[in-house]
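Chains, contacts and geometry: an overview
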Amino acid sequence: MTFERRDFIKTTATGLAFGLVKPGMAYAQSSGEFEGGTGSLRLEGRLKAGVLKLEAQDFVEGKDRALIIQATLDSVKLYCALFSNYSDRTVFALLRDHDHSTTLVLSETDDPKIGRLVVWNDQEVPDNFSVDKDKFMDTLNLKESILDGKGKSLDVLGKRKPPDFTLKELEAVFGSNPALREFMRGNRSLHHPLPSNKLAAFPCDVLSNLRGALYGGLWYGRL
């Protein structure tokens, strides 16, 4: 298990801008500044379904975060990615295995207790749902938390066929790993929020409890 971080590598340069410049035109002076903060994580552990080998990279900028996870489990290749905007107010996520994918977008609504969910599998037409956040956080049953009687039409698996594992199993195997703790940068996992912050953990718990999801334990927040 290893962790690598390249925090805020900063370069500033001033020089000539070499673009599509016509002969005889003067070169324009330019300046720029680059900052970036990334982390890389490698984990390996045995689950009931086999040995999981996982590599993750993330990028954090203010309240935005991108996370990409690639793994193999029992010879099956798994891919999970997400982009979180402004502390999870809008979250885009993609899960893929066996050349099939599920894409989800979670966002807020005018009612803080109601979440918006958009789902599509492969290239299908997206479906839109409203979710009772309180009910979901109490039951972790997404279908039963869908409002307007649309729960039966919810499909967050599609043609994917991921190996069988759970969020609890991931946390049991990797939760105390030092490399993972360093990857978390001292932040707490969103899976066990304080009662006052229960609704803020809604996007994290929805995605981490999906079949084939590897976000569990790698998704943190500043609650």
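Structure: above.
Owing to the predicted nature of the structure, the values given are computational and were not obtained by experimental measurement.

Turning our attention to the overall build of the protein chain. When its secondary structure is counted, the protein chain shows five helices and 13 strands. Within the span of the protein chain, comprising 223 residues, buried residues form 42% of the whole. Expressed as a percentage of contacts within the protein chain between residues at least 6 apart in sequence, the contacts between residues at least 24 apart total 47%. When the accessible surface of the protein chain is totalled, it reaches about 12700 Å², and 52% of it is carbon and sulfur.

Tracing the backbone shows Glu 169 in helix α3 (residues 167–174). Buried Glu 169, no salt bridge; nearest opposite-charge side chain is Lys 48, N-O distance 5.7 Å. In this structure the side chain of Glu 169 is engaged in a polar contact, spanning 2.6 Å, whose partner is the backbone nitrogen of Lys 48. Residues in contact with Glu 169, not counting those within four places in the same chain, are Leu 47, Lys 48 and Asp 164.

This part covers unusual backbone geometry. Here Tyr 86, not a glycine, exhibits a phi torsion of approximately 50°, which is positive. In this fold, Tyr 86 is placed in the loop between β7 (76–85) and β8 (90–97). Within the chain, Ser 87 stands out as a residue other than glycine whose phi angle is a positive 55°. Counting through the fold element by element, Ser 87 comes out in the loop between β7 and β8.

Inspection of the secondary structure puts Arg 96 in strand β8. Assessed through its relative accessible area of 37%, Arg 96 is described here as partly exposed. Measuring from C-alpha to C-alpha, the distance between Arg 96 and Cys 80 comes to 6.5 Å, with 16 residues separating the pair along the chain. Non-local contacts of Arg 96, meaning those with residues more than four positions away in its chain, are made with Lys 77, Leu 78, Tyr 79, Ser 101 and Arg 160.

What follows deals with the packing of aromatic side chains. With the rule as written, the count across this model stands at two aromatic pairs. The ring of Tyr 79 carries Arg 96 above its face, with NZ or CZ at 4.4 Å from the centroid. The residue whose ring lies beneath Lys 150 is Phe 129, and the NZ or CZ to ring-centre distance is 5.0 Å.

To locate leftover empty space, one rolls a probe as large as a water molecule over the atoms. Going through the model one piece at a time under the given rule, you end up with one cavity of 30 Å³ or more. Taken as a whole, the largest cavity encloses approximately 40 Å³ of empty space. Leu 43, Leu 54, Leu 170, Phe 174, Leu 180, Leu 214, Gly 216 and Leu 218 are the residues that line the largest cavity. Considering only residue class, the lining of the largest cavity consists of seven nonpolar, one polar and no charged.

Below, the discussion takes up α3. Leu 167, Glu 169, Leu 170 and Phe 174 are the residues of α3 that are buried. For α3, the angular spread of buried residues about the axis comes to 160°, placing them on one side. Opposite the buried face of α3, by more than 90 degrees, sit the exposed residues Lys 168 and Ala 172.

Alignment of strand β5 (residues 50–61) against strand β6 (residues 64–73), held across ten bridges, turns out to be antiparallel. Bridge pairing links Ala 56 to Ile 69 in β6.

Here we take up the pattern of salt bridges. In total, this model carries five salt bridges according to the counting rule given. With its nearest N and O atoms 3.0 Å apart, the salt bridge here joins Asp 58 to Arg 65. For Arg 65, a relative accessible area of 8% corresponds to the buried category. Two residues, Asp 134 and Lys 198, come together in a salt bridge whose shortest N-O distance is 3.4 Å. Here Asp 134, found in helix α1 (residues 133–139), pairs with Lys 198, found in the loop between β12 (188–189) and α5 (202–208); they are 64 residues apart in sequence, far enough to count as distant. The class of Lys 198 is partly exposed, set by a relative accessible area of 24%. Several salt bridges share partner residues, and in doing so they unite Asp 134, Asp 138 and Lys 198 into one network.

Within the secondary structure, Leu 214 sits in the loop between α5 and β13 (220–221). Between the alpha carbons of Leu 214 and Thr 166 there is a distance of 9.1 Å; along the sequence they are 48 residues apart. Excluding residues within four positions of it along the chain, Leu 214 makes contact with Leu 52, Leu 54, Ile 69, Ala 71, Leu 78, Cys 80, Phe 165 and Leu 170.

About the thresholds
- Position numbers for residues start from 1 in each chain and track the written sequence from start to end.
- With pLDDT at 70 or above as the cut-off, local features in this predicted model cover only qualifying residues; side-chain atom pairs require 80 or more to be listed or tallied, and sums for whole chains, interfaces and linings still use all residues.
- By convention in this description, side-chain values take in all heavy atoms of the structure and omit both hydrogens and water.
- Helix and strand definitions here come from DSSP, where helices need a minimum of 4 consecutive H or I residues and strands a minimum of 2 consecutive E residues; each element is numbered from the N-terminal end.
- Only protein chains enter the area calculation, which uses a 1.4 Å probe; residues under 20% of their type maximum are buried, those over 50% are exposed, and those in between are partly exposed.
- In what follows, a contact means two residues having at least one pair of non-hydrogen atoms within 4.5 Å.
- Throughout, the Shrake-Rupley method with a 1.4 Å probe supplies accessible areas, and for residues the shown protein chains are the sole cover considered.
- Counting rule for charge: Lys and Arg are taken as positive, Asp and Glu as negative, and neither His nor the chain ends is counted.
- Should a side-chain nitrogen of Lys or Arg be within 4 Å of a carboxyl oxygen of Asp or Glu, the pair is scored as a salt bridge.
- Any pair of N or O atoms that falls within 3.5 Å is considered a polar contact. Within protein, one atom must be able to donate a hydrogen and the other to accept it, and sequence-neighbouring residues count only if both atoms are side-chain atoms.
- Stacked, tilted and edge-to-face are the three classes applied to pairs of Phe, Tyr and Trp rings, where Trp contributes its six-membered ring and a pair requires centres within 6.5 Å; stacked means planes under 30 degrees apart, edge-to-face means over 60, and tilted covers the rest.
- Here, a charge over a ring means that NZ of Lys or CZ of Arg falls within 6 Å of the ring centre while also lying within 35 degrees of the ring normal.
- Only protein atoms enter the calculation, which uses a 1 Å grid: trapped sets of points that fit a 1.4 Å probe without letting it out are cavities, open sets showing protein on both sides within 12 Å along at least five of seven lines are pockets, and any residue with an atom within 4 Å of a point is a lining residue.
- Grid points are joined across faces, edges and corners, and a volume is the space filled by probe spheres set on the points.
- The nonpolar class holds Ala, Val, Leu, Ile, Met, Phe, Trp, Tyr, Cys and Pro. Asp, Glu, Lys and Arg form the charged class, and all remaining residues, Gly among them, are polar.
- Here the arc refers to the directions that run from the helix axis out to each C-beta atom.
- Between any two strands, pairing holds if DSSP finds at least two bridges.

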